[in-house]
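# Secondary and tertiary structure notes
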Amino acid sequence: MSDPSIDADGRLRHLITLDGLGRARIEGLLDRATSLREQFRAGSTSLPLLAGRTVVNLFFEASTRTRTSFELAARRLGATVVNFDIASSSTSKGETLEDTLATIEAMGTDAFIVRHKENGTPARLAAHARRAAILNAGDGNRAHPTQGLLDLLTIRDHKKRVEGLRVAICGDIRHSRVARSDVHGLHALGAAEIRLCGPAALLPDAGEFPGCTLSGDLDAALDGVDVVVMLRIQKERIEGLPGLDEHAYFARYGLDRTRLARAKRDAIVMHPGPMNRGIEIAADVADGAQSVILEQVANGIYARMAVLAELLAAR
Amino acid sequence: MSDPSIDADGRLRHLITLDGLGRARIEGLLDRATSLREQFRAGSTSLPLLAGRTVVNLFFEASTRTRTSFELAARRLGATVVNFDIASSSTSKGETLEDTLATIEAMGTDAFIVRHKENGTPARLAAHARRAAILNAGDGNRAHPTQGLLDLLTIRDHKKRVEGLRVAICGDIRHSRVARSDVHGLHALGAAEIRLCGPAALLPDAGEFPGCTLSGDLDAALDGVDVVVMLRIQKERIEGLPGLDEHAYFARYGLDRTRLARAKRDAIVMHPGPMNRGIEIAADVADGAQSVILEQVANGIYARMAVLAELLAAR
Amino acid sequence: MSDPSIDADGRLRHLITLDGLGRARIEGLLDRATSLREQFRAGSTSLPLLAGRTVVNLFFEASTRTRTSFELAARRLGATVVNFDIASSSTSKGETLEDTLATIEAMGTDAFIVRHKENGTPARLAAHARRAAILNAGDGNRAHPTQGLLDLLTIRDHKKRVEGLRVAICGDIRHSRVARSDVHGLHALGAAEIRLCGPAALLPDAGEFPGCTLSGDLDAALDGVDVVVMLRIQKERIEGLPGLDEHAYFARYGLDRTRLARAKRDAIVMHPGPMNRGIEIAADVADGAQSVILEQVANGIYARMAVLAELLAAR
């Protein structure tokens, strides 16, 4: 098998994308996250699964939120975590990315958490890693697999199973790695229908998302769904949309209570954060009874713990 | 009781200001700090009072010194400490401060150490926190309660009690949160007299400090006092004072040996740091036998440990 | 003895330079590094030699690589490590360097890892430290003693002993603290011959390196040597060399396979990193069978552990 993410014994070696990972493996990770969550909620304050292991955060794109989530996940499992400051690092002195990786790896690093604005950087590093695991924390608009996992975990918590669900994902689909990883995961777990909705300029190219429907009509997209995922829209992107300002964006593509009423009564509302209140989501919906946004954040820790444990504990 | 700092059982839930905290509570914190100091000086290298707890440094104003003091205090009690980098965080991406707080709290954070240039931010966060404790590490010119505690602890070490003492606080009183928290604490513990001294433009408005005297005459202010607190003067502020340069400031408002001789023989000299040697304090006074400036720094660790233990250990 | 690096009992108190440290002490550190390496490779994930100790990284010059190496070394020995952010610290607010040191030391710091662009800063801090150990992580072009130690360790691993070896050090000798610390260590351990080679403008002043030969002829310098140390050349420095660009630099001073064949068959190739592939070293040599560059990185952890243990464990 040429996928560097799977080793000769069929074990997961890196986590680059959920695409192609397969239902059993994804459900195994979700089960592991659930089990870890139970142990911590029952009173464990740390589990030494990763004692003596070193995890390095290698964030070429700043993201305090995601970095902190990975850092806490690793530390609660007993790992030593180092935040490698790229801005003042050798990479900025002309060293190749591969040499930076090899150097930090030679210091005894067991896993790298990588975020990069270019698609494919984590896969490229995975191909060069000698023994360390690479965890993709977001590359370009391609994949953000732990976000996909935490979203699936949150959906499963509320809906018991993902199979057969109808899901709407709304906003800037084109540039969103969250949308892509959610779709990969939802397909793998048998979601019945995935509707992608947003302004035409922010929808993906036809054919990129087989099995999904594309539309610009949010009311229609929400009709009868079990899950609504609202994506962050960058304010600069709105400025690029002809005839739209923030107010008009909210009027056409924002989730408010009236619109949410089109979804199933027990539909859940998700958002990967950070939110622009009043732009893609109304404040009362963000804080409302159907919102599971803070549960997503909490589940992020356990989903990342599960991935770290899966990749490192068996080695 | 509407003060969010005190819970329904009368326990301290946040530390926002010493103002109104009451003598018993402040003395309890000082006693706890003293007891922790004894344990560490007797050879403890860490006490697991906060094992499994997560403390997040949320510094909107850079302060390596204070941040490091809190970090060491928390880590020596066994907590996991995360330094949240505001500059690259979601708050700078348009997220509200309350959403940033809720998000990091949802990751399992037990306490936030908050510094912010605007008065009232820690109180505002305390009103929104679901379960985490908020510790004010300095807001605007309003309060810096752990500095007040460490100053009281240092005074008590040397003078046995605060009650009945005469204290001079000198320099830029108007902009100083240290002066305010010192005054709150000194009043609560029964200091006999508090003299605030500085250039007229840097004195507070009349009536803001009831029970204190204001003056521009440093010689008179020092006469017979037990404690001298010299405040840092920002060089930019001197430039704004008519007819004063650094040399003239030192001549009129700086503490040198001759001036210090006006205080009691066993008076102690304090400074919250960082010092401008030769501007608000002469080098030989800063390094002299009456200086307790480095003791203040050492006590800062124990005062912060005491607050963290009080706020978190009982939960 | 006036050397602040050695205490009254003849024990090492600071590590400022290898110059004058003496063979026995250097070999003792190498032996300790080797022993620590064995323990970790045999399965130890951490040794609590420094439990309860606080180590502060004080890097006035950014260096993520070296800082991370020290941080991991200290943490694997159980120390608490704080990265003191100079850019947002009191030093930038007019505090003297000595006051910054005294303040952080008063927080209970046991060791400072110091990097500074000016020669002599670590020695100056060592003269002011009350009880903390100062470890030089590179000052100006003067010394980088732990790099010297890790290089000696790597050489000893491959050649069994340093005594009698022939070593070529090539590149920008003039500005290199690595070259200086390597020379100090190689002399102390009895290397037979040290050849320094580079463009005339980047060679040191005559007489600065007694017992070394200086030359501009790389082919001759490599002839029959046991060890080749290639130094990083800053691209800006090449621009300052008359008639040379990167391509011409590589042609005259770069190490390629043809040139390397002039050295002994079992010669090892070293580089302190970060490398400029294709400028001072050919990619196939950097990745070739004789390259021990990544071993240097791995040994850096153990050399730094040995120094920390030597300086702190006995106190």
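Reference entry: report on the structure contained in this document. Per chain, residues are indexed from 1 in the order of the written sequence. Just so you know, chain letters begin at A and ligand numbers begin at 1, following the order they were written in. Since the coordinates come from a predicted model, pLDDT governs what is reported: local features require at least 70, and pairs of side-chain atoms require 80 or more to be given and counted, while whole-chain, interface and lining totals use all residues. Computation of side-chain values covers all heavy atoms of the structure but excludes hydrogens and water.

Before going further, it helps to examine the interface of chain A and chain C. When checking whether two residues touch, look at their non-hydrogen atoms; a contact exists if any pair is within 4.5 Å. If you look at the interface, chain A gives 23 residues, while chain C gives 21 residues. Defined here as a combined quantity, buried area equals the accessible surface (1.4 Å probe) lost by two parts on assembly, summed across both. The three residues of chain A that bury the most area against chain C are Lys93, Asp99 and Met107 of chain A, which together make up 31% of that side's buried surface. A pairing counts as a salt bridge when a side-chain nitrogen of Lys or Arg comes within 4 Å of a carboxyl oxygen of Asp or Glu. Inspection of the region where chain A meets chain C yields 2 salt bridges. Its salt-bridge partner being Asp99 of chain A, residue Arg277 of chain C comes within 2.6 Å of it at the nearest N-O pair. What qualifies as a polar contact is a pair of N or O atoms within 3.5 Å, subject to a donor-acceptor requirement within protein and to the restriction that residues adjacent in sequence count only when both atoms come from side chains. Applying the counting criterion to the chain A and chain C interface returns 6 residue pairs in polar contact (both at pLDDT 80 or more). Each helix is a run of DSSP H or I of at least 4 residues and each strand a run of E of at least 2, with the numbering of both proceeding from the N terminus. Those elements that provide at least two residues to the side of chain A that touches chain C are strand 2 (80-84) and helix 3 (97-106) of chain A. Among the elements that line the side of chain A that touches chain C, the one with the most residues is strand 2 of chain A, at 5 residues. Classification convention: Asp, Glu, Lys, Arg as charged; Ala, Val, Leu, Ile, Met, Phe, Trp, Tyr, Cys, Pro as nonpolar; all other residues, Gly among them, as polar. Residue composition of the side of chain A that touches chain C, by class: 7 nonpolar, 11 polar and 5 charged.

A word on empty space enclosed by the protein. Residues and elements named next belong to chain C. The way it works is a 1 Å grid over only the protein atoms, where trapped points that fit a 1.4 Å probe form a cavity and open points with protein on both sides within 12 Å along at least five of seven lines form a pocket, and then any residue with an atom within 4 Å of a point lines it. Grid points are joined across faces, edges and corners, and a volume is the space filled by probe spheres set on the points. In total, this model carries 4 cavities of 30 Å³ or more according to the counting rule given. Roughly 120 Å³ of volume is contained in the largest cavity. Taken together, the elements giving at least two residues each to the lining of the largest cavity come down to helix 2 (64-76), helix 5 (145-159) and helix 12 (293-313). A total of 4 residues in the lining of the largest cavity trace back to one element, the largest contributor, which is helix 12. What fixes the domain bounds is an automatic or database domain assignment. Shared between two domains, the lining of the largest cavity takes at least three residues from each, and those domains are domain 1 (23-144 + 298-313) and domain 2 (145-296).

Taken together, the side chains of Glu236, Glu239, Asp245 and Glu246 of chain A define an acidic patch exposed on the protein surface. Note on placement: Glu246 of chain A falls in helix 9 (residues 246-253). Here the term patch refers to residues with relative accessible area over 30% and no salt bridge, with like charges joined within 9 Å and nonpolar side chains (Val, Leu, Ile, Met, Phe, Trp, Tyr) within 5 Å. For accessible areas, the Shrake-Rupley method is used with a probe of radius 1.4 Å. Any residue's cover is judged against the shown protein chains and nothing else. Counted as positive: Lys and Arg. Counted as negative: Asp and Glu, with His and the chain ends omitted from the count. Throughout, a charge is located at the NZ atom of Lys, the CZ atom of Arg, the CG atom of Asp or the CD atom of Glu.

Placing chain A over chain C gives an RMSD of 0.0 Å and needs a rotation angle of 120°, together with 0.0 Å of translation along the axis. Taken together, the rotation and translation describe the operation of a three-fold axis. Distance from the rotation axis, computed per C-alpha, reaches its smallest value in chain A at Asn83 of chain A: 6.2 Å. Superposing the copies works by least squares over the C-alpha atoms of residues that have pLDDT at least 70 in both of them.

This brings us to the interface of chain B and chain A. It is common to give the size of an interface as the accessible area lost on bringing the parts into contact. Taken residue by residue, the interface counts 23 residues in chain B and 21 residues in chain A. Both faces combined, the contact of chain B with chain A buries some 1900 Å², and carbon together with sulfur accounts for 56% of it. Three residues, Lys93, Asp99 and Met107 of chain B, lead the burial of chain B against chain A; their summed loss comes to 31% of the area buried on that side. Inspection of the chain B/chain A interface yields 2 salt bridges. Note that Glu95 of chain B and Arg65 of chain A form a salt bridge whose closest N and O atoms lie 2.4 Å from each other. Taken together, the elements giving at least two residues each to the side of chain B that touches chain A come down to strand 2 (80-84) and helix 3 (97-106) of chain B. A total of 5 residues in the side of chain B that touches chain A trace back to one element, the largest contributor, which is strand 2 of chain B. Class assignment of the residues belonging to the side of chain B that touches chain A gives a composition of 7 nonpolar, 11 polar and 5 charged.

As a general point, the strands of a sheet are linked pairwise by backbone hydrogen bonds and lie either parallel or antiparallel. Residues and elements named next belong to chain C. Strand order in the open sheet formed by 5 strands is 7-6-5-8-9, and the pairing between neighbours is parallel. Only two strands of the sheet have a single partner each, and these edge strands are strand 7 (212-215) and strand 9 (268-270). Strand after strand, the sheet turns through a mean of 20° between neighbouring axes, direction not considered. With 4 bridges joining them, strand 6 (residues 193-197) and strand 7 adopt parallel strand pairing. Each bridged residue has a counterpart across the sheet, and for Cys197 the counterpart in strand 7 is Ser215. One requirement defines pairing of two strands: DSSP has to find at least two bridges between them. For every element, the axis is a line fit to its C-alpha atoms; helices are fit only across the contacting stretch, and the angle between N-to-C directions ranges from 0 to 180 degrees.

What follows is about helix 12 (residues 293-313) of chain B. Residues and elements named next belong to chain B. One less than the number of residues in a helix, times 1.5 Å, gives the span that helix is expected to have. Here helix 12 is 21 residues long and its end C-alpha atoms lie 30 Å apart, about the 30 Å a rise of 1.5 Å per residue gives. What is called the bend at a residue is the angle between a pair of axes, fitted to the seven residues leading up to and ending at it and to the seven starting from it. The principal kink in helix 12, of about 30°, is found at Asn299. Burial classes: relative accessible area under 20% of the type maximum marks a residue as buried, over 50% as exposed, and values in between as partly exposed (1.4 Å probe, protein chains only). Most of helix 12 sits out of view: 17 of its 21 residues are buried.

So, about the side chain of Asn299 of chain A. Residue and element names in this part refer to chain A. Here Asn299 is to be found in helix 12 (residues 293-313). In this structure the side chain of Asn299 is engaged in a polar contact, spanning 3.3 Å, whose partner is the side chain of Asp157. Look past the residues within four positions of Asn299 in its chain and what remains in contact with it is Arg37, Leu150, Leu153, Thr154 and Asp157.

Attention now goes to the sheet that holds strand 2 of chain A. Residues and elements named next belong to chain A. Strand order in this open sheet of 4 strands is 2-1-3-4, and the pairing throughout is parallel. Looking along the sheet, the strands with just one partner apiece sit at the ends: strand 2 and strand 4 (133-139). Strand after strand, the sheet turns through a mean of 15° between neighbouring axes, direction not considered. Bridge analysis of strand 3 (residues 111-116) against strand 4 gives 5 bridges, and the strand direction is parallel. Residue pairing in the sheet places Val114 in a bridge with Asn136 of strand 4. Against the sheet, helix 4 (residues 121-128) makes contact with strand 1 (54-59), strand 3 and strand 4, and its axis sits at roughly 170° relative to strand 4, the strand it touches most.

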